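Analysis of the macromolecular model
Here is what each chain is made of, one letter per residue.
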Amino acid sequence: MKHIAIADQVDESHDPQTFISKYVWSQDHKVIAIQYGITAIFVGLVALVLSALMRLQLGFPETFDFINPHNYLQFVTMHGMIMVIYLLTALLLGGFGNYLIPLMIGARDMVFPYLNMLSYWTYLLSVIVLLSSFFVPGGPTGAGWTLYPPQAILPGTPGYDWGIILMLASLAIFIVAFTMGGLNYVTTVLQARTKGMTLMRMPLTIWGIFTATILGLFAFPALLVSAIMMLLDKTIGTSFFMPAIISLGEQSSYGGGSPILFQHLFWFFGHPEVYIVALPAFGMVSDVLATHARKNIFGYRMMVWAIVAIGGLSFIVWAHHMYVSGMNPAFGFFFATTTLIIAVPTALKVYNWVLTLWRGNIHLTVPMLFAIGFIFTFTHGGLTGLFLGNVVIDLPLSDTYFVVAHFHMVMGVSPIMVLFAAIYHWYPLITGRMLNDTLGKFHFWMTFVGTYSIYLPMHYLGFLGVPRRYFATGDTGFIPESASTLNAGITVSAIIVGVVQLVFVINLIYSLRYGKKAEKNPWQSCGLEWQTLDIPPKHGNWGNQLPVVHRWAYDYSVPNTVEDFIPQNQPDDEQHHSVDSEEK
Amino acid sequence: MSLVKQLRTKPWLPVTDQGGEQRVIPQGEKRVALRFFLLMVTVFFSLFLVTFLSRSQYPDFQALAGQPWQPLTDRSQLWFNSAMLLCASIFLEMSKSRVRQQRLNHSVFWLALALLMSIQFLFAQVSIWQQLNQLGFYSAANPANSFYYLLTGLHGLHLLGGMVVIAAALLHVARHADAQAFETSVSLCATYWHYLLGLWLLLFALLSSSAETFRTIAVICGYG
């Protein structure tokens, strides 16, 4: 018997019958994707509020009594960890990965639907464990999202007791959830592609998600290893990472451990994590750009190879996060070199996006606006990465706001721009309704200009030497008064951008019910995901017959054809036939 | 079509030039998933071993073998435990070959025996923990002890996970007598057990190494 993911005939007795099996304990990849999406967006909004609180303190110090050095560090830590892991990774892979993989490769579902369901509920458990740390004695950990020992588990750091334990436990649970999901995504892409869907006919979205998942499967173990060892250092007093140290005037029982070892493990995960987030975004933005510019993606093969090359190289650049850790200077030379090499395939991708737009029939729809916005923000963040990748430039800029500005542009704003592009682009497929265009354009311009007004000045603060993670800089001699004014301006921008996101959330909810009904394939896309019988696709996706793929996903504006796009499942002769009849 | 050849195809050219209209790959999804999972476990344990070897070069590290008073100098019990895991692995192979010969009952018998042997292995491992504790080699007393408990514990947890799968396969076959599903489960479990046996032998060799050996390994790896 054929596997359910690739069976030609669907056995309808397997369809979910009750409300619970349809929407709660669902094994349908689309429902699981939406569950992932809603949870990730919710937890992302929590992190957004935390960032607003941080900005209030930085912009207007000594104004808000409820923000103190203790909880400020907790806001910093939880904001970072939630955004990187629980929002971006979960939404890009758990959300979009789940929704798009089976639809884009022509499968009925993931190959292990039950495991897929478990993956979501385990992810939800990790989120609950993480958020529960707000309610335990001492509150959540304030060790910074990098959780460096020895300070992370010693008195003096907020949440050094329960907070850090819950954080580490939550990360371990998240990794279990990711493993279940990740094995599913990789196996589905390799095993459940429909007839004709060769590897090189897959849309770049799938290439991005597929490669990112492999990165995740090999990088998350490093985080798990460090989390387990730190948990043991904290709970049973081992000394994997803990050196001999005097804490609160007393000699602690620890001795001999190496905090640098933790840093190596953490960044062996941490750097590929950047690409776990970036690669799916690269893929999705390529598809959005091609569709809305009515042009095939420029250099498809080069784009695929670049994704694979970036994935491979991302494992040998990790120590560029550790130039100031005191490691051997020869290491710095090696890692600076690999870091600059990774800029080559990345730059190729940027050129190809721009060349896709060149002489295209550009439709300035909301998804396209966000996609073009991404090219700007990513180029910007990438260029500052060249500065920080060099040891001699990194040393003075390390731990300043220049770093904060860099990683927010490259890893915060850029993937978020793509996520917005993707949500506006695929919302009609997911819900059967269009999002409101006016609200969307308002959302784009406010977000795009707003984020620039937040992060551009931060580069300048970094040049001044303003350190990151400080609750207040007070009357520090080398920081001029203008830095405070700038900080206040950044805060005002941040609050505005934060509030504007509510417009987006309202648009999502309002359009669900009152949005314009989406016609079939509203963007006239070649992609297989739009060729389902129903919008949104029903359980099993493809009715009685799986689609057969005859071409790649980028046949836009092909000469001598009637329409300016040819869907992936349209046979060659059919297309010629329609041209012939047109000519007659 | 080989992977490299696939990656070199030009999807924008007409179909006839590529011959890419066949169904891409048939079934076998569980084996693919297991391969990726084992790769992941390999990364997981490799990172532990790298940290272990790195930590072994610090002055406070006291190896558990090498001198007469060190507990793992006499490796007889570790060898005994290894033999049990080896038996489990062999029994799984027996089970696999029987199910391929359509002798379902025999296969179930060998699988149950493999499960039993694995349970014995875990108990024997816990008994070594108890002996170490009684001798005063507590988990937090020295990094060598910590790594011993940690690595054997994690290996045991992986084995426990596999045992749950065997138990589920036995239950499933008892209820449905589905030989095809049973064959897949036995075959995958056999691969997993062989992997865990190999991993255990590596852990055994490293955890029961003397200080001298650690120094030599470190020099070879460039730590020294």
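Residues numbered from 1 in each chain as written. Chains lettered and ligands numbered in written order. Predicted model: local features only at pLDDT ≥ 70, side-chain atom pairs only at ≥ 80, totals over all residues. Heavy atoms only, no water.

Let's shift gears to the overall build of chain B. Check the secondary structure of chain B and you find 7 helices and 0 strands. Expected size for 224 residues packed as a compact globule is a radius of gyration near 17 Å; at 22 Å, chain B overshoots this value by more than 25%. A principal-axis box enclosing the C-alpha atoms of chain B has dimensions of 70 × 50 × 25 Å. In chain B, which comprises 224 residues, the proportion classed as buried is 46%. For chain B, the proportion of contacts with a sequence separation of at least 24, taken over those separated by at least 6, is 77%. Of the roughly 11,300 Å² of accessible surface on chain B, a fraction of 64% belongs to carbon and sulfur atoms. Across chain B, the centroid of the 15 positively charged side chains sits 3 Å from that of the 9 negatively charged ones. (Helix = DSSP H or I, 4+ residues; strand = E, 2+ residues; numbered from the N terminus. Rg over C-alpha atoms; globule rule 2.2 N^0.38 Å. Buried < 20%, exposed > 50% of the residue type's maximum accessible area, 1.4 Å probe, protein only. Contact = heavy atoms within 4.5 Å. Areas by Shrake-Rupley, 256 points an atom, 1.4 Å probe, with all protein chains shown as cover. Lys, Arg positive; Asp, Glu negative; His and termini not counted. Charge placed at Lys NZ, Arg CZ, Asp CG, Glu CD.)

Bringing the nonpolar core into the picture now. Among the nonpolar cores identified, the biggest contains 257 residues, and Tyr86(A), Tyr123(A), Leu147(A), Trp207(A), Trp353(A) and Trp193(B) are the most heavily contacted of them. A total of 23 residues in this core trace back to one element, the largest contributor, which is helix α3 (residues 69-105) of chain A. Those residues in contact with Trp207(A) that lie beyond four places of it in its chain are Leu199(A), Met200(A), Met202(A), Tyr300(A), Val304(A), Ile307(A), Val308(A) and Leu7(B). (Core = buried A, V, L, I, M, F, W, Y, C linked by side-chain atoms within 4.5 Å.)

So, on to the interface of chain A and chain B. How large an interface is tends to be reported as the accessible area lost when its parts come together. With 53 residues of chain A at the interface, the matching set in chain B holds 41 residues. Buried surface at the junction of chain A and chain B, summed over both partners, amounts to about 4,200 Å²; 69% is from carbon and sulfur atoms. Its largest share of buried area at the contact with chain B, chain A owes to Gln191(A), Phe218(A) and Arg301(A), together 14% of the area lost on that side. The tally of links between chain A and chain B comes to 0 salt bridges. The element best represented in the side of chain A that touches chain B is helix α6 (residues 204-235) of chain A, accounting for 11 residues. Of the residues assigned to the side of chain A that touches chain B, the class counts are 32 nonpolar, 15 polar and 6 charged. (Buried area = accessible area lost by both parts, 1.4 Å probe. Salt bridge = Lys/Arg side-chain N within 4 Å of Asp/Glu carboxyl O. Nonpolar A, V, L, I, M, F, W, Y, C, P; charged D, E, K, R; others polar.)

Here the focus is the side chain of Ser209(B). Residue and element names in this part refer to chain B. The residue Ser209 is located in the loop between α6 (179-207) and α7 (211-221) in this model. The exposure class assigned to Ser209 is buried, which follows from its relative accessible area of 7%. If sequence neighbours within four positions are ignored, Ser209 has contacts with Ala63, Leu64, Ala65 and Phe214.

The next subject is α3(A). Residue and element names in this part refer to chain A. For α3, with 37 residues, the first-to-last C-alpha span of 50 Å sits near the 54 Å given by 1.5 Å per residue. The largest bend along α3 reaches roughly 45° and is located at Gly97. Of all 37 residues in α3, 34 are buried; the element is thus mostly enclosed. Positive backbone phi, approximately 80°, marks Gly106, located one or two places after α3. (Expected span 1.5 Å × (residues − 1). Bend = angle between axes of the 7 residues up to and from the residue.)

Right, let's talk about the confidence of the model for chain A for a bit. Summary statistics for chain A give a mean pLDDT of 93 and a share of 96% for residues scoring 70 or more. Here residues 577-584 of chain A is a poorly scored stretch, pLDDT under 50, and it has 5 contacts once near neighbours within four places are set aside; other chains count. (pLDDT = per-residue confidence, 0-100.)

Residue and element names in this part refer to chain B. With 92% of its residues at a pLDDT of 70 or more, chain B has an overall mean of 90. Note on residues 17-26: pLDDT under 50 across the span, and 30 contacts to partners over four residues away in sequence or across chains. Model confidence for the complex: the whole-complex pTM is 0.94, and ipTM, which rates the interface, is 0.92.

This part is about the packing of aromatic side chains. On inspection of all chains with the given rule, the structure shows 66 aromatic pairs over all chains. Ring plane angle 55° and centroid distance 6.2 Å describe the contact between Phe96(A) and Trp426(A), whose orientation is recorded as tilted. With Phe96(A) in helix α3 and Trp426(A) in helix α12 (residues 401-431), this pair connects stretches of sequence that are 330 residues apart. Residue Phe96(A) is classed as buried on the basis of its relative accessible area of 6%. On the basis of relative accessible area, Trp426(A) is assigned to the buried category, the value being 1%. When the ring of Trp353(A) is compared with that of Phe378(A), the centres are 6.4 Å apart and the planes differ by 80°; the resulting orientation is edge-to-face. With Trp353(A) in helix α9 (residues 329-357) and Phe378(A) in helix α10 (residues 366-389), this pair connects stretches of sequence that are 25 residues apart. A relative accessible area of 1% means that Trp353(A) is categorised as buried. A cation over an aromatic ring shows up here: Arg359(A) above the ring of Trp358(A), its NZ or CZ 5.8 Å from the ring centre. One Lys or Arg, Arg55(B), reaches over the ring of Tyr58(B) and ends 5.2 Å from the middle of that ring. (Phe/Tyr/Trp six-rings, centres within 6.5 Å; stacked < 30°, edge-to-face > 60°. Lys NZ or Arg CZ within 6 Å of the ring centre and 35° of its normal.)

Attention shifts here to the packing of α12(A) against helix α14 (residues 481-514) of chain A. Residue and element names in this part refer to chain A. For the pair α12 and α14, the least separation of the axes is 11 Å and the interaxial angle reads 10°. Relative to α14, the element α12 is oriented roughly parallel. The segment α12 lies against α14, with Phe420, Ile423, Tyr424, Tyr427 and Thr431 engaging Gln501, Phe504, Asn507, Leu508, Ser511 and Leu512. Residues belonging to the contact of α12 with α14 are distributed by class as follows: 7 nonpolar, 4 polar and no charged. (Axes fitted to C-alpha atoms, helices over the stretch in contact; angles between N-to-C directions. Parallel < 35°, antiparallel > 145°, perpendicular 65-115°, else oblique.)

All chains considered together, the criterion is met by 11 salt bridges over all chains. Here Lys234(A) ties to Asp161(A) by a salt bridge, and the two come within 3.7 Å at their closest N and O atoms. On the criterion of sequence distance, the pair formed by Lys234(A) in helix α6 and Asp161(A) in the loop between α4 (113-132) and α5 (162-191) is long-range, its members being 73 residues apart. A relative accessible area of 36% places Asp161(A) in the partly exposed class. The salt bridge involving Lys96(B) is made with Glu93(B); its shortest N-O contact spans 3.4 Å.

At their nearest, the axes of α6(A) and helix α2 (residues 29-55) of chain B sit 9 Å apart, and the two run at 40° to each other. Put simply, α6(A) runs oblique to α2(B). The crossing of α6(A) and α2(B) is right-handed. Residues Ile214(A), Leu217(A), Phe218(A), Pro221(A), Ala222(A), Leu224(A), Val225(A), Ile228(A) and Met229(A) of α6(A) pack against Phe36(B), Leu39(B), Met40(B), Val43(B), Phe44(B), Leu47(B), Phe48(B) and Thr51(B) of α2(B). Partitioned by chemical class, the residues of the contact of α6(A) with α2(B) number 16 nonpolar, 1 polar and no charged. (Left-handed = near helix turned anticlockwise from the far one by under 90°.)

Residue and element names in this part refer to chain A. As for its placement among the helices and strands, Leu395 is situated in helix α11 (residues 391-397). Sequence-wise, Leu395 and Trp542 are 147 residues apart; in three dimensions their C-alpha atoms are separated by 56 Å. Ignoring any residue separated from it by four or fewer positions in sequence, one finds Leu395 in contact with Tyr323 and Val324.

Here we take up unusual backbone geometry. Residue and element names in this part refer to chain A. Between Pro149 and the following residue, Pro150, the backbone shows a cis peptide bond with an omega angle of 5°. Counting through the fold element by element, Pro150 comes out in the loop between α4 and α5. Positive phi outside glycine occurs at Ser557, with the angle close to 50°. Inspection of the secondary structure puts Ser557 in the loop between α14 and α15 (572-583).

We now examine a nonpolar patch on the surface. All names here are of chain A. Taken together, Phe298, Met302, Val344, Leu348, Tyr351, Leu355 and Trp358 make up a surface patch of nonpolar side chains, about 680 Å² in accessible area. For the nonpolar patch, the element with the most residues is α9, which contributes 4 residues. Mapped onto the elements, Val344 comes out in helix α9. Taking the relative accessible area as the measure of exposure, Val344 reaches 52% and is therefore exposed. (Patch = residues over 30% accessible without salt bridge, like charges linked within 9 Å, V, L, I, M, F, W, Y side chains within 5 Å.)

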